Amino acid sequence: MTLPLIVAITGATGVIYGVELLRVLKDLGQPAHLILSEAAGANLAIETEYTLDDVRGLAAVVYRNNDIGAAVASGSFRTRGMIVAPCTVKTLSAIANSFTYNLVARAADVQLKEGRKLVLMVRETPLHKGHLDLMARAADCGAVILPPMPAFYHRPETIMDLVHQSIGKALDQVGVEHELFRRWSGRDESGVAR
């Protein structure tokens, strides 16, 4: 049995990270359990051509953010882990402070208490000390802080190449095999990347 991966999309800019993560998981045959924050729907309309129904259709199971009785709200429901893509500072703050006021924060808290992977693709810039303190606090609790920062060693040609590299790094954290970007394999004798 393949354990599901929880995907939460919150209201930060960069909802394409969550949408594309869901699409990739579906293509890989990896079941995704989706939680959309209320603000994620608004950003979806601003930043993409996708509808809420399009995004919901990419997941095996969809939960309402106010459904604190959902399966993913309990540690006895086994999962592969959780990726929050993108993760707002508000969500980061709730997770770092164990303030489980909605299903995104509760499901994240469950991952931490059960010792499962929780990957937070925090989207904010610039960062002030309060943001950094929250990231450190969440990391101290066991979360992986993985802001979607573009890399260029794989020679991206499109925005989607950059998106894929970031979500590929997140999938690496939860042990999902993929071929979303060319991995670094060193340099040849002349110093050129292989």
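Residues numbered from 1 in each chain as written. Predicted model: local features only at pLDDT ≥ 70, side-chain atom pairs only at ≥ 80, totals over all residues. Heavy atoms only, no water.

**Some points on the packing of aromatic side chains**
- This structure, assessed with the given rule, holds two aromatic pairs.
- Taking the centre distance of 5.2 Å and the plane angle of 20° together, the rings of Phe99 and Tyr101 count as stacked.
- Owing to a relative accessible area of 53%, Phe99 belongs among the exposed residues under this scheme.
- Taking 6.2 Å as the distance between ring centres and 85° as the angle between the ring planes, the aromatic pair formed by Tyr153 and Trp184 counts as edge-to-face. Of this pair, Tyr153 sits in the loop between strand E6 (144–145) and helix H7 (159–173) while Trp184 sits in the segment after H7, placing them 31 residues apart in sequence.
- The partly exposed category is assigned to Tyr153, whose relative accessible area is 29%. (Phe/Tyr/Trp six-rings, centres within 6.5 Å; stacked < 30°, edge-to-face > 60°. Buried < 20%, exposed > 50% of the residue type's maximum accessible area, 1.4 Å probe, protein only. Helix = DSSP H or I, 4+ residues; strand = E, 2+ residues; numbered from the N terminus.)

**A word on the nonpolar core**
- If you look at the biggest cluster of nonpolar residues, it comprises 32 residues, and the most contacted ones within it are Ile9, Leu22, Ile83, Met121 and Leu171.
- Taken together, the elements giving at least two residues each to this core come down to strand E1 (5–9), helix H1 (15–28), strand E2 (32–36), helix H2 (38–47), strand E4 (81–87), strand E5 (118–122) and H7.
- Broken down by element, this core gets its largest block of residues, seven residues, from H1.
- Not counting chain neighbours up to four residues away, the residues in contact with Met121 comprise Tyr17, Ile83, Val84, Ala85, Pro86, Cys87, Leu146, Pro147, Pro148, Ser166, Ile167 and Ala170.
- Ranked by size, the runner-up nonpolar core spans 26 residues in total, among them Ile35, Leu103, Leu112 and Leu134. (Core = buried A, V, L, I, M, F, W, Y, C linked by side-chain atoms within 4.5 Å. Contact = heavy atoms within 4.5 Å.)

**A look at the pattern of salt bridges**
- Evaluated as defined, the whole model comprises seven salt bridges.
- In this structure, Arg106 engages Asp109 in a salt bridge whose closest nitrogen and oxygen atoms are separated by 3.9 Å. Of this pair, Arg106 and Asp109 both sit in helix H5 (residues 103–113), three residues apart, which is roughly one turn of the helix.
- Given a relative accessible area of 24%, Arg106 falls into the partly exposed group.
- Linking Asp172 and Arg183 is a salt bridge whose minimum nitrogen-to-oxygen distance equals 2.8 Å. With Asp172 in helix H7 and Arg183 in the segment after H7, the pair connects residues that are eleven residues apart, well separated along the chain.
- For Asp172, a relative accessible area of 30% corresponds to the partly exposed category.
- What emerges from the salt-bridge pattern is a single network uniting Glu20, Arg23 and Asp27. (Salt bridge = Lys/Arg side-chain N within 4 Å of Asp/Glu carboxyl O.)

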